[in-house]
Amino acid sequence: MKKARRNFLKKGTLGIVSAPFLSIGSCAATENKTSIKTLPVIISTWDAGKEANEEAFKILKSGGTSLDAVEKGVMLAEADDTNQYVGDGGKPDRDGYVTLDACIMDWKGNAGSVCFLENIVHPISVARRVMEKTPHVMLVGEGAKQFAIEEGFKTKNLLTQQSKMDWEEWKKTAEYRPVINTENHDTIGMLAIDEKGNISGACTTSGMAFKMRGRVGDSPIIGAGLFVDNEVGGAVATGLGEAVLRTLTSFLCVEFMRNGKTPQEACKMAIERLTQKHKNYKDFQVGIIALDKNGNTGAFAIQEGFTYALSAEGKNEVSHSESMI
Ligand code: ASP
């Protein structure tokens with residue numbers, strides 16, 4: 001843990017330095033605690049975020065919006081069939097089906113989401129279509145799949161040999177329960193602020209491995225897995241979805257920022273709230289990242305081992321977050 005903290009202090013200090021401040025809306029209480037970063041800034045969960053950030057950065061540099069950037073960025077992880085936590089190649093539910101959850105939000109407060117979606121490689125793009133082409137925010141299961149097909153998405157068997165083998169192995173040993181531990185996560189969540197100061201966010205996952213059929217976690221739920229309010233900032237959570245759902249961690253984190261906390265303080269406070277409400281918090285992992293209106297960022301987790309990738313001021317680096325335990 002000490003190593004992880006040192007690492008954080010070395011690389012992860014964006015967002016907690018003292019510097020002049022531009023007062024924005026109701027964020028005035030953050031005065032003197034944060035600085036104005038050179039935009040764009042992109043932050044993503046876990047190691048896979050690094051490559052995703054690179055892609056998102058390219059999109060922003062070629063004139064794309066933060067919405068284009070977060071969508072295209074996380075699509076890399078969705079298409080990577082060696083990533084067993086997102087999109088193609090994701091670990092299946094306990095009955096052997098890969099079911100995907102994703103959501104997206106833009107700087108205008110628009111939101112789109114799909115849950116329990118099968119056979120479609122890019123749930124994030126389907127979520128964006130839900131946001132842009134329907135009067136709804138969320139589509140689920142067969143209806144979501146039908147909509148995706150109508151929109152021209154191709155279907156595919158997403159269960160790879162590796163994930164099938166892991167499932168078969170789990171069935172032999174696991175008393176038919178989902179795996180809830182500190183390792184079984186890797187959802188990709190991304191927040192980006194473009195040069196105009198517009199923030200968007202995306203979150204996409206195959207969810208908890210070997211979950212019950214029909215289970216949906218926090219990742220596609222606006223306010224739980226992801227929340228963006230362009231007056232303030234955004235947040236994305238990863239980890240045990242049930243705990244995040246009970247405490248609306250991303251929304252809470254943004255509200256802490258609204259009330260004057262820095263992204264780093266807000267992440268820590270959101271995780272603290274979650275642990276106050278879950279006596280068994282030592283048995284699972286939840287991590288959160290946040291980005292404010294000035295490009296300052298934060299990251300915090302219950303357990304050590306949560307990594308995030310930050311693309312800012314010419315660098316794109318993976319760091320360990322600070323953690324509670
Ligand atoms: N939050 C996701 C879920 O519970 C899992 C993860 O982040 O890895 O479905």
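In case you missed it, the structure is sitting above this.
Because the structure is predicted, anything quoted here is derived from the model rather than measured. (Residues numbered from 1 in each chain as written. Predicted model: local features only at pLDDT ≥ 70, side-chain atom pairs only at ≥ 80, totals over all residues. Heavy atoms only, no water.)

Enquirer: So, the nonpolar core: which residues are in play, and what are the values?
Expert: When a protein is soluble and globular, its nonpolar side chains tend to lie buried together. If you look at the biggest cluster of nonpolar residues, it comprises 46 residues, and the most contacted ones within it are Leu191, Leu226, Cys253, Val286 and Ile289. With sequence-adjacent residues up to four places away left out, leucine 226 is seen in contact with Cys103, Ile104, Met105, Leu191, Gly201, Ala202, Cys203, Ile221, Ala235, Val236 and Ser250. Counting residues in hydrophobic clusters, the runner-up holds 32 residues, among them Ala77, Ile124, Phe147 and Ala148. (Core = buried A, V, L, I, M, F, W, Y, C linked by side-chain atoms within 4.5 Å. Buried < 20%, exposed > 50% of the residue type's maximum accessible area, 1.4 Å probe, protein only. Contact = heavy atoms within 4.5 Å.)

Enquirer: Help me get a handle on the packing of helix α2 (residues 49-61) against helix α3 (residues 66-79), residues and values and all.
Expert: Where α2 meets α3, the axes come as close as 8 Å, and the angle between the chain directions of the two elements is 150 degrees. When you trace α2 past α3, the crossing you get is right-handed. Between α2 and α3, the residues in contact are Glu51, Ala52, Glu55, Ala56, Ile59 and Leu60 and Ser66, Asp68, Ala69, Lys72, Gly73, Val74 and Leu76, respectively. Taken together, the residues of the contact of α2 with α3 break down into seven nonpolar, two polar and four charged. (Axes fitted to C-alpha atoms, helices over the stretch in contact; angles between N-to-C directions. Helix = DSSP H or I, 4+ residues; strand = E, 2+ residues; numbered from the N terminus. Left-handed = near helix turned anticlockwise from the far one by under 90°. Nonpolar A, V, L, I, M, F, W, Y, C, P; charged D, E, K, R; others polar.)

Enquirer: Tell me what's going on with helix α9 (residues 263-277), and back it up with residues and numbers.
Expert: Here α9 is 15 residues long and its end C-alpha atoms lie 21 Å apart, about the 21 Å a rise of 1.5 Å per residue gives. Listed in full, the buried residues belonging to α9 are Pro263, Gln264, Ala266, Cys267, Ala270, Ile271, Leu274 and Thr275. (Expected span 1.5 Å × (residues − 1).)

Enquirer: Tell me what's going on with the site of the ligand, and back it up with residues and numbers.
Expert: Residues in contact with the ligand amount to eleven residues; listed here are only the nearest, Thr187, Arg215, Asp218, Thr238 and Gly239. Taking aspartate 218, its side chain carries an N or O atom lying 2.6 Å from a nitrogen atom of the ligand. Between the ligand and the protein, one listed contact pairs an oxygen atom with a side-chain N or O atom of threonine 238 at 2.7 Å. The protein chains hide 99% of the 270 Å² of surface that the ligand would expose on its own. Residue composition of the shell around the ligand, grouped by class: one nonpolar, seven polar and three charged. (Near = heavy atom within 4 Å. Polar contact = N/O pair within 3.5 Å; in protein donor to acceptor, adjacent residues only side chain to side chain. Areas by Shrake-Rupley, 256 points an atom, 1.4 Å probe, with all protein chains shown as cover.)

Enquirer: Hey, could you go over the packing of aromatic side chains for me, with residue numbers and the actual values?
Expert: Per the stated rule, a full pass over the model turns up three aromatic pairs. Pairing tryptophan 46 with phenylalanine 306 gives two aromatic rings, centres 5.0 Å apart and planes at 85 degrees, and the pair type is edge-to-face. One end of the pair, tryptophan 46, is in the loop between β1 (41-45) and α2; the other, phenylalanine 306, is in the loop between β10 (297-301) and β11 (307-312), and 260 residues separate them in sequence. Note on accessibility: tryptophan 46 and phenylalanine 306 belong to one class, buried. Above the ring of tryptophan 167, the side-chain terminus of lysine 171 is found at 3.8 Å from the ring centroid. Looking at arginine 213, its charged tip hangs above the ring of tyrosine 97, at a distance of 4.0 Å from the centre. (Phe/Tyr/Trp six-rings, centres within 6.5 Å; stacked < 30°, edge-to-face > 60°. Lys NZ or Arg CZ within 6 Å of the ring centre and 35° of its normal.)

Enquirer: Quick rundown of unusual backbone geometry? Include the residues and the values.
Expert: Along the chain, leucine 39 connects to proline 40 via a cis peptide bond; the corresponding omega equals 5 degrees. Phi is positive for phenylalanine 116, which is not a glycine, with a value near 55 degrees. Structurally, phenylalanine 116 is set in strand β3 (residues 111-117). On the basis of relative accessibility, which here comes to 18%, the residue phenylalanine 116 falls in the buried class.

Enquirer: Hey, could you go over the sheet that holds strand β8 (residues 233-239) for me, with residue numbers and the actual values?
Expert: An order of β7-β8-β9-β10-β13 is seen for the five strands of this open sheet, with the pairing classed as mixed. Strand pairing shows two members of the sheet lacking a second neighbour, β7 (226-229) and β13 (322-323), which therefore form its edges. Sheet analysis places β7 next to β8, joined by four bridges and oriented antiparallel. In the strand pairing of β8, phenylalanine 227 is matched with alanine 235. (Pairing = 2+ DSSP bridges.)

Enquirer: Could you give an account of a nonpolar patch on the surface, with specific residues and numbers?
Expert: Residues Val137, Met138 and Val140 make up a contiguous nonpolar surface patch of about 230 Å² in total accessible area. On the secondary structure map, valine 140 appears in strand β4 (residues 138-140). For valine 140, a relative accessible area of 44% translates into the label partly exposed. (Patch = residues over 30% accessible without salt bridge, like charges linked within 9 Å, V, L, I, M, F, W, Y side chains within 5 Å. Salt bridge = Lys/Arg side-chain N within 4 Å of Asp/Glu carboxyl O.)

Enquirer: Could you give an account of the packing of helix α8 (residues 249-258) against α9, with specific residues and numbers?
Expert: Two numbers describe how α8 lies on α9: the axes approach to 8 Å, and their chain directions differ by 135 degrees. Comparing the axis directions of α8 and α9 gives the class oblique. The handedness of the crossing between α8 and α9 comes out as right-handed. Contacts between α8 and α9 involve Thr249, Leu252, Cys253, Phe256 and Met257 from the first element and Pro263, Ala266, Cys267, Met269, Ala270, Arg273 and Leu274 from the second. (Parallel < 35°, antiparallel > 145°, perpendicular 65-115°, else oblique.)

Enquirer: Describe the side chain of serine 163, naming the residues involved and giving the relevant values.
Expert: With respect to the helices and strands, serine 163 occurs in helix α6 (residues 161-173). Among residues more than four places away in sequence, those in contact with serine 163 are Gln84, Gly89, Gly90, Lys91 and Pro92.

Enquirer: How would you sum up the pairing of β3? Please name residues and give values.
Expert: Of all seven residues in β3, seven are buried; the element is thus mostly enclosed. Sheet topology note: the strand β2 (residues 100-105)/β3 ladder contains five bridges and is antiparallel. In the strand pairing of β3, cysteine 103 is matched with serine 113. If you look at the hairpin formed by β2 and β3, you'll find five residues sitting between the two strands, and glycine 109 has a positive phi there, around 90 degrees. Chirality of the crossover, the property in question, places the unit of β3, helix α4 (residues 123-133) and β4 among those that are left-handed. (Right-handed = clockwise from strand over helix to strand, strands pointing away.)

These results come straight from atomic positions and should not be treated as a statement about function.
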